[in-house]
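Below are the chains, spelled out letter by letter.
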Amino acid sequence: MIWALGFAAAALIGWAVIAYNRFVGLRQRAEGAWADIDAQLKRRHDLVPALVETVKGYAAHERQTLQEVVERRSGARQSPSGVLPDAARVGSENLLSHSLKHLFALAEAYPDLRASDRFRGLQEQLIAIEDQLQLARRYFNAVVRDWNTAVQRFPDVVVARVSGFAVRDFFELDSVLERDVVAIDLDAS
């Protein structure tokens, strides 16, 4: 009988260790996935000034659009850069994404700008970065989904609560602006 209690205690401790280690592994994957997103965001932030300067020469009277892109890039760069995203950072990045869509929609109205090799090169780089960001966000959200499932699943929830592991937020669109189709009206009437 004593050996049965000892075996049960050892099994319980073994399960707790395995559950804890699974949480640690998922946490590391989430932090790594966020670091990948962060690297892509930095690449995007570095590319935006060159893009804005290129567009300025062709669309000088579109100062408001260009200023908006610059301001939103600044806001995104000043957002807290933690190990994992917070709502302010996600929101500022979503606003920057919207501004960039607006900038590219504006460029459609200027054939000379679209024909510019420099603009096309910058646009292709930014599109590639946005594609990588989308992939990184999907991976991050998949890891967060696995994390949240593990944190809420019984009996793992016991280890999660004792260890201080909590549900994490997804990197998702929090702004209706991000879902809008950008429309450009160049009629001055």
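Residues numbered from 1 in each chain as written. Predicted model: local features only at pLDDT ≥ 70, side-chain atom pairs only at ≥ 80, totals over all residues. Heavy atoms only, no water.

A word on the confidence of the model for the protein chain. Looking at the protein chain as a whole, its pLDDT mean stands at 78, while 75% of the residues score no less than 70. By mean pLDDT, helix α7 (residues 176-179) is the weakest element of the protein chain at 48, and helix α6 (residues 156-163) is the strongest at 89. Confidence drops under a pLDDT of 50 for residues 176-189, and excluding neighbours within four residues, the segment shows 21 contacts in the predicted structure. (pLDDT = per-residue confidence, 0-100. Helix = DSSP H or I, 4+ residues; strand = E, 2+ residues; numbered from the N terminus. Contact = heavy atoms within 4.5 Å.)

Mapped onto the elements, D46 comes out in helix α1 (residues 2-58). Each C-alpha atom of the pair D46 and R77 lies 10.0 Å from the other, and the pair is 31 residues apart in sequence.

Together, F154, V158 and V162 make up a nonpolar patch on the protein surface, roughly 360 Å² of accessible area in all. Positionally, F154 belongs in the loop between α5 (117-152) and α6. By relative accessible area, which is 66% here, F154 ends up exposed. (Patch = residues over 30% accessible without salt bridge, like charges linked within 9 Å, V, L, I, M, F, W, Y side chains within 5 Å. Areas by Shrake-Rupley, 256 points an atom, 1.4 Å probe, with all protein chains shown as cover. Salt bridge = Lys/Arg side-chain N within 4 Å of Asp/Glu carboxyl O. Buried < 20%, exposed > 50% of the residue type's maximum accessible area, 1.4 Å probe, protein only.)

All right, on to α6 then. Taken together, the buried positions of α6 are occupied by D156, V157, V159 and A160. Seen from one end, α6 has its buried residues packed into an arc of 160°, which puts them on one side. Residues R161 and V162 are exposed on α6 and point more than 90 degrees away from its buried face. Of the residues one or two after α6, G164 is the one with positive phi, at around 85°. (Arc of directions from axis to C-beta.)

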